[in-house]
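# Secondary and tertiary structure notes
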Amino acid sequence: MYVCMCHAVTEDQVKRAIDDGANTPRQIASGCKAGTDCGSCVRRIQALLGEHGARPCPTARLAARLGLADPGADAGPAAVPAPVPLRVA
């Protein structure tokens, strides 16, 4: 399944990056560029980080508390939040 449509990054690629030591969306972006274009995949990347033991960022925790981040659900286009740009150093 694709996580980042802009750069054709799959969930498996993100999981491999996490297994290789990536702990933040920025670290994942530095390897595969996921999250660096429109930003709509950043929440899914944060959820994958949380599922694999990395500490999710405060935004992901807030979204989970508000019921906005459900990594197991496939949200339709109406439920997709506004893109959040990710700056890569």
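None of the values given here were measured: they were computed from a predicted structure.

Criteria and cut-off values
- Residues numbered from 1 in each chain as written.
- Predicted model: local features only at pLDDT ≥ 70, side-chain atom pairs only at ≥ 80, totals over all residues.
- Heavy atoms only, no water.
- Helix = DSSP H or I, 4+ residues; strand = E, 2+ residues; numbered from the N terminus.
- Salt bridge = Lys/Arg side-chain N within 4 Å of Asp/Glu carboxyl O.
- Buried < 20%, exposed > 50% of the residue type's maximum accessible area, 1.4 Å probe, protein only.

This part covers unusual backbone geometry. Phi at Ala 8 takes a positive value of approximately 50°, unusual for a residue other than glycine. In this fold, Ala 8 is placed in the loop between strand 1 (2-4) and strand 2 (9-10). The backbone phi angle of Lys 33 is positive, close to 75°, even though this residue is not glycine. When you line up the elements, Lys 33 lands in the loop between helix 2 (25-32) and helix 3 (42-51).

Evaluated as defined, the whole model comprises 3 salt bridges. Residue Lys 15 pairs with Glu 11 through a salt bridge whose shortest N-O separation is 3.2 Å. Remark: Glu 11 and Lys 15 occur in helix 1 (residues 11-19); sequence separation between them is 4 residues, near one turn of the helix. You can call Glu 11 buried: its relative accessible area is 15%. With a closest N to O distance of 3.4 Å, Glu 51 and Arg 44 form a salt bridge.

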